[in-house]
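Examination of the molecular architecture
For reference, the chains in residue letters:
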Amino acid sequence: MNMTLNACSSLKRTFVLSAIGILSGISAARAQQTDTITDHRTTEVYSPVPPVVTPGAQCGDAPSDAVILFDGKNLDKWASVSDGSPAKWIVDNGILTVNKKAGNIQTKESFTNYQLHLEYRIPSNITGSDQGRGNSGIFLASVGKGDEGYELQVLDNYNNKTYVNGQVGSIYKQAIPLANACRKPGEWQTYDVIWTAPVFHTDGSLASPARVTVLHNGVLVQNNFELKGVTRYIGKPYYKAHGPSPIKLQAHGDPSEPISFRNIWVRPL
Ligand code: MG
């Protein structure tokens, strides 16, 4: 008896659900009928026309409208962060290598929103572990003379464990990367970054936070992440008003072999 009742209830439920489904279908069809647009041209726009940008010959090569920050020849676009003197990292054979004694370097030009491409190489004879193994970083906006800014971490995590919000591809101590896309030490690796700078009200309060999307070796590792403020080694991130800012590279000062960079360009957006 109970089984029969249960079967009946189940049948009723099925009937009601089917009826709802049919009615929903009818209302959707009616909604479509109320769309009075009949000419495909009504929804086609012809302005503004996107500017023509000639892409680089190879993937990763600078497009025609890029600002070339390092093309292998010199450090004319860079300065020492500490005193603004000419950057003293080593340029040799088309490659830029960290000079840890010279400290951080940053672009002479300031930027707000941009697309950045950069390549780096951890030396094949790298030693050390944890945060002391190929540590550098890209401060997406430099807001001070030390490590102040928003750091996209550079580190060898091919076979090296550390805290996950401090490994390569992290926004240091804020965002764990979505993947570990590390290549082996000795191989060139790429970063492609879309940076949206924070906006501040005139009284210095935050109007909209910074956002960042990062591809590491072509793999998405940060997807429009909303930053909580500037990077802090100890303590929580916070925002302090700033305007257009340089892009800064970190000399971490590890005893292990220093890392190298090449092919750095940016497209202000
Ligand atoms: Mg670092």
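Refer to the structure presented above.
Computed from a predicted structure; not experimentally measured. (Residues numbered from 1 in each chain as written. Predicted model: local features only at pLDDT ≥ 70, side-chain atom pairs only at ≥ 80, totals over all residues. Heavy atoms only, no water.)

1. Some thoughts on the overall build of the protein
In terms of helices and strands, the protein carries one helix and 15 strands. Looking at the protein residue by residue over its 269 residues, the buried ones come to 40%. Surface accessibility of the protein: about 15,300 Å² in total, with carbon and sulfur atoms responsible for 56%. (Helix = DSSP H or I, 4+ residues; strand = E, 2+ residues; numbered from the N terminus. Buried < 20%, exposed > 50% of the residue type's maximum accessible area, 1.4 Å probe, protein only. Areas by Shrake-Rupley, 256 points an atom, 1.4 Å probe, with all protein chains shown as cover.)

2. Considering the side chain of E119
Looking at the secondary structure, you find E119 in strand β6 (residues 114-121). A distance of 2.7 Å separates the side chain of E119 from the side chain of R262, its partner in a polar contact. Side-chain polar atoms of E119 contact the side chain of N263, separated by 2.7 Å. Residue contacts for E119: discarding those within four places in its chain leaves G60, W188, Q189, T190, S260, F261, R262 and N263. (Polar contact = N/O pair within 3.5 Å; in protein donor to acceptor, adjacent residues only side chain to side chain. Contact = heavy atoms within 4.5 Å.)

3. Notes on the coordination of the magnesium ion
Of the protein atoms, only N135 (OD1), S136 (O), E151 (OE), Q153 (OE1) and Q250 (OE1) coordinate the magnesium ion, at distances of 2.2 to 2.3 Å. Residue classification places N135 among the buried positions, given a relative accessible area of 7%. (Donors = N, O, S within 2.8 Å, 3.2 Å for Na, K, Ca; no water.)

4. A few points about unusual backbone geometry
With an omega of 0°, the peptide bond between S47 and P48 qualifies as cis. Tracing the backbone shows P48 in the loop between α1 (2-34) and β1 (67-70). At N93, a residue that is not glycine, the phi angle is positive and equals roughly 55°. Residue classification places N93 among the exposed residues on the basis of a relative accessible area of 73%.

5. A look at the pairing of strand β8 (residues 149-154)
A large share of β8 lies buried, amounting to six of its six residues. With five bridges joining them, strand β7 (residues 136-142) and β8 adopt antiparallel strand pairing. For S142, the partnering residue across the bridge sits in β8 and is G149. (Pairing = 2+ DSSP bridges.)

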